[in-house]
Structures are given as C-alpha cells and as structure tokens.
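These are the residues of each chain, in order.
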Amino acid sequence: MKKTSTRLADGRELIYYDVRDDAVRDAVDRRPLDRTVTASQVRRDPLLGDAVAIASHRQGRTYHPPADECPLCPSEGDRLSEIPDSSYDVAVFENRFPSLAGDSGRCEVVCFTSDHDASFADLTEEQAGLVLDAWTDRTAELSHLPSVEQVFCFENRGAEIGVTLGHPHGQIYAYPFTTPRTALMLRSLAAHKEATGGENLFDAVVERELAGERVVLATEHWVAFVPYAAHWPYEVHLYPRRRVPDLLGLDEGARTEFPQVYLELLRRFDRIFDGTGAGTDEPRTPYIAAWHQAPFGTLAEFDGVVREDFALHLELFTVRRTSGKLKFLAGSESGMSVFINDVPPETAAQRLREVASS
Ligand SMILES: [Zn+2]
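The written sequence of each chain sets the order in which its residues are numbered from 1. In keeping with the model being predicted, local features are shown solely for residues with a pLDDT of at least 70 and side-chain atom pairs are shown and tallied solely at 80 or more, while totals for entire chains, interfaces and linings include all residues. Side-chain figures throughout are based on the complete set of non-hydrogen atoms in the structure, without hydrogens or water.

> Could you clarify how one ought to interpret the overall build of the protein in this entry?
Broken down by element type, the protein carries six helices and 15 strands. Here the C-alpha radius of gyration of the protein, 20 Å, is about what a compact globule of 358 residues would show, namely 21 Å. Referenced to the eigenvectors of the C-alpha coordinate spread, the extents of the protein come out at roughly 60 × 50 × 45 Å. Relative accessible area decides the class of each residue, using a 1.4 Å probe on protein chains only: under 20% of the type maximum gives buried, over 50% gives exposed, and in between gives partly exposed. Considering the protein as a whole, with its 358 residues, one finds that 52% of them fall into the buried category. By definition in these notes, contact holds between two residues if any of their heavy atoms fall within 4.5 Å. Expressed as a percentage of contacts within the protein between residues at least 6 apart in sequence, the contacts between residues at least 24 apart total 64%. Where accessible areas are quoted, they stem from the Shrake-Rupley method and a 1.4 Å probe; at the residue level, only the protein chains shown are allowed to cover. Only carbon and sulfur atoms are counted for the fraction: they give 50% of the accessible area of the protein, which is about 16800 Å². Charged residues are defined narrowly, with Lys and Arg counted positive, Asp and Glu counted negative, and His plus the chain ends left uncounted. Every charge is mapped to an atom, namely NZ of Lys, CZ of Arg, CG of Asp or CD of Glu. The average position of the 38 basic charges and that of the 57 acidic charges among the side chains of the protein differ by 2 Å. Runs of E in the DSSP output that reach at least two residues are strands. Runs of H or I that reach at least four are helices, and both are numbered from the N terminus. With the radius of gyration taken over C-alpha atoms, the globule rule is written as 2.2 Å times the number of residues to the power 0.38.

> Just checking my understanding: could you explain the domain arrangement of the protein for this structure?
Reports often express the size of an interface as the amount of accessible area lost when the parts come together. Partitioning the protein into structural domains gives domain 1 (2–175) and domain 2 (180–354). At the junction of the two partners, domain 1 supplies 29 residues and domain 2 supplies 30 residues. Carbon and sulfur atoms supply 61% of the area that domain 1 and domain 2 bury against each other, a total of about 2700 Å² over both sides. As used here, buried area is the combined drop in accessible area, with a 1.4 Å probe, of two parts when they are placed together. The largest contributions to the domain 1 side of the interface with domain 2 come from Leu132, Arg157 and Glu160, which together make up 23% of the buried area. For every domain, the bounds stem from an assignment made automatically or drawn from a database.

> Please explain the coordination of the zinc ion as it appears in this structure.
Summarising the metal site, the zinc ion is bound by the protein donors Cys70 (SG), Cys73 (SG), His116 (ND1) and His167 (ND1), whose distances to it range over 2.1 to 2.3 Å. The sequence pattern describing where the donors of the zinc ion fall on their chain is C-x2-C-x42-H-x50-H. You can see Cys73 sitting in the loop between strand E4 (51–54) and strand E5 (90–94) and its partner His116 sitting in the loop between strand E6 (106–111) and helix H1 (125–143), a full 43 residues away along the chain. Nitrogen, oxygen and sulfur within 2.8 Å of a metal are treated as its donors, or within 3.2 Å for sodium, potassium and calcium (Na, K, Ca); water is not counted, so a site can appear incomplete.

> How should I be thinking about the pairing of strand E1 (residues 2–7) in this particular structure?
Looking down a regular strand, the side chains alternate between one sheet face and the other. In this analysis, strands are considered paired if DSSP registers two or more bridges between them. Two elements, E1 and strand E2 (residues 13–18), share six bridges in a ladder whose sense is antiparallel. The residue of E2 that forms the bridge with Thr6 is Leu14. Hairpin connection of E1 to E2: five residues between the antiparallel strands, including Gly11 at a positive phi of 95°.

> Looking at this structure, how should I read helix H6 (residues 345–354)?
Along an α-helix, residues three or four positions apart point the same way, because every turn accommodates 3.6 residues. Those residues of H6 that fall on the buried side of the exposure criterion are Pro345, Ala348, Ala349 and Leu352. Burial along H6 is one-sided: seen end-on, the buried residues are contained in an arc of 100°. Against strand E9 (215–218), strand E11 (234–240) and helix H4 (252–271) lie the buried residues of H6. The arc in question is the one traced by the directions running from the helix axis out to the C-beta atoms.

> Just to check I follow, could you spell out helix H2 (residues 180–196) for this structure?
What a helix should span is 1.5 Å times the count of its residues minus one. For H2, with 17 residues, the first-to-last C-alpha span of 24 Å sits near the 24 Å given by 1.5 Å per residue. Within H2, burial applies to Thr182, Ala183, Met185, Leu186, Leu189 and Ala190. End-on, the buried residues of H2 take up no more than an arc of 160°, which puts them together on one face. Across H2 from its buried face, at more than 90 degrees, point the exposed residues Leu184 and Ala195. Of the surrounding elements, those touching the buried residues of H2 are strand E7 (150–157), helix H3 (201–210), strand E12 (287–292) and strand E13 (313–318). Looking at the residues trailing H2, positive phi occurs at Gly197, about 75°.

> I tried to follow the packing of H2 against H3 on my own but got confused; where do I start?
Pairs of packed helices are described in terms of their axes, by the angle between the two and the distance that separates them. Each axis is a line fitted through C-alpha atoms, and for a helix only the stretch in contact is used; angles between axes span 0 to 180 degrees, taken between their N-to-C directions. Closest axis-to-axis distance for the H2/H3 pair is 9 Å, and the angle between their directions is 90°. Comparing their axes, H3 and H2 come out roughly perpendicular. Judged by residue contacts, Met185, Ser188, Leu189 and His192 of H2 engage Leu201, Phe202 and Ala204 from H3. Here the contact of H2 with H3 is built from residues that sort into five nonpolar, two polar and no charged. Here the word oblique covers every angle except those under 35 degrees (roughly parallel), over 145 (roughly antiparallel) and from 65 to 115 (roughly perpendicular). Ten residues, namely Ala, Val, Leu, Ile, Met, Phe, Trp, Tyr, Cys and Pro, are considered nonpolar, four, namely Asp, Glu, Lys and Arg, are considered charged, and the remaining ones, Gly among them, are considered polar.

> Sorry, what's going on with the pattern of salt bridges here?
As a working rule, side chains carrying opposite charge can pair if their charged atoms are close by. By definition here, a salt bridge exists when the distance from a side-chain nitrogen of Lys or Arg to a carboxyl oxygen of Asp or Glu is within 4 Å. Inspection of the entire model under this criterion finds 30 salt bridges. For the salt bridge of Arg12 with Asp10, the shortest nitrogen-to-oxygen distance reads 2.9 Å. By the burial criterion, Arg12 is buried, and Asp10 matches it. Each of Lys3, Arg7, Glu13, Glu94, Arg106, Glu108, Asp137, Arg138 and Glu141 takes part in a single network of salt bridges with overlapping partners.

Written out as structure tokens, the structure is:
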C-alpha cells in the first residue's frame, strides 16, 4: 500500500491510498476554491447530557448532483472534482461541509473506488482490503489530533438513509468526546466486570451468540451474528475472534480474511429482499455500516475499565423491513429511545443464512 498526502485548493487535506507502490499522485487542484467557513458547535443537552453538533453551514451542501457533476469521481479534462487526479484506488479528504471541525473534531470522506456506479459489495477483495488499510491509517492519524477522543468509520448506503451522493463512499467522524452509545457500552462493561469478578462482557456476549441460533457466519478469524435484542429488522454484528480495542489491533490473519467476510455479508444484505440480488426492480438494500472502536481519551469515569476491555466490532443494519417498506424511527424510538422490531432476530438470522453465496 502506498499513501500520498496532498492539499486541495482551499487547504483541506487529501490522501490517496494505492495498491501499487509505484503510483504517482501529483495532480494539482485547479479549482478557484475559497477557504470554507465552518461554524460547527457542539452543545450539550442539559437534561440528557448528550451532545448535539450544530452545523448551519451544511444547508448549502451538494445535494443529489447529476452523475457528470459528481464531486467524488476523478477529475477529467475541465470537469474538476474533489479528486484532482484522473484516477484513484481509495481517496480520503476532509469534508467541505463538515458536521465537526476545528476544536469540535473533524469529518472526512472515504471514496471506496473511482467507479461511480459500483457499490462496496462490488469491490474486489484487494480493493476492500485497501479500504480497511485506509480506515486503520485514518484511525491512527486522527487519534493523534489534540481535539479528537473517538474515531468513527462508517458508511451510509442508499437514498433511503439520506445519502446525497450516489458515488460509493463512506465517512469518518472524529469526535472531541466519547459518544453516548460507546459510553453506554463502557458502563455496561464496567458493571459486568464488577459483578462477575473480572469477566469481559463482550467476550460473554460473543460466546453466548456463538452457541445459539443467530450465527450468520463464522470463519477462522471473524464471527457474525444477529444480536439477541436486535434493534433493526436486519442487523448483524461482526467481531474478530481475538478481542482488540480498535482497527489498529487487528492481526494479519484477521486483516487478510476481512475482505472476504465483509463482502459476503454485504452481498447477503443485497439478497435479503429479492432472493437473487440482481435483475429485479427492488433497489439494492439500504444499510448503515458502523465501526465501534474504543475511545482514545481517558476512561476514568468507567470504573475499572481499560481500553483493552473494549471489543472492536462492526454493526451492519438496514432500515428496510420488507420489500418496499422502511422502518421509521417514530414515536417510541424517537420520543423514548425504545425500539420496536417487527422481525424476530432468529428469523433475520435464518434469512441471512439462506441467502449465503453458494
Ligand atoms: Zn462519482
């Protein structure tokens, strides 16, 4: 893997990740861009204690541009995009319309491939491995920024999720605090450790799931299952068998096997609703893929828990509950944070095994 870091016309950082060690990335951004004015502010809710990023400058962001104006395609002739080069393998750049910026963290865009019409599930194993390398490298780099406490790599796929650009891409949010969901997990981890005299809750959960009926796939280095209390109609949690706190901790075996495992899960997601994946009118399954990593800040407020207790894992879920119908976060979910799931997790797991690649 070769990494080349450069700057866009307005000063934002752009990093190319190439499979080939002899790749040359020296194209210059020729756009007359003004420096972007970002006014992100993190406010804390006094009753709930959680944080809200107020980012008013985002209202003017690019919204469903035509394919020939895609800002994530490589630049070609006079058509200048966010990527000055005429091709790339994986490219990462600072978001022009960030939800978090400056002292409030940082937002990056990860372009998975230069192929506008592809999806992550269409990538080769080599390309998917390069994305994993990019996620890992960005986690390391962002964790060194003084304002950053937690790094979150994720992908929103599909217009139903609110994706405004069709080009296959994901995002990285580097937060200046430990996020509420991670804090909840750390609290559960601390309580379980205390109650059991040292047992790790993540290990206990994975062990219980492996012995049950919700396993979706299990390989030498990874296990995937629908969790006991899945919140979403189809939801899979993917863990490396050897517990590590973040992407940097993955060993060579897990890294090598990851592309094959993850691509298989994504392809199964595309087959959930139509049984074949291609050739039907059903649009590809919208999903959110979210990497959970240990925060880099102090864990002092979580009694007795250390970074190494956290288990890196990926949560993959769709908001589609049945063909043509979406799960909305309505009164109970949005008003009270109580999820109502219409698909029993055991049924979801069964379906996700049925649609395995032969
Ligand atoms: Zn594109």
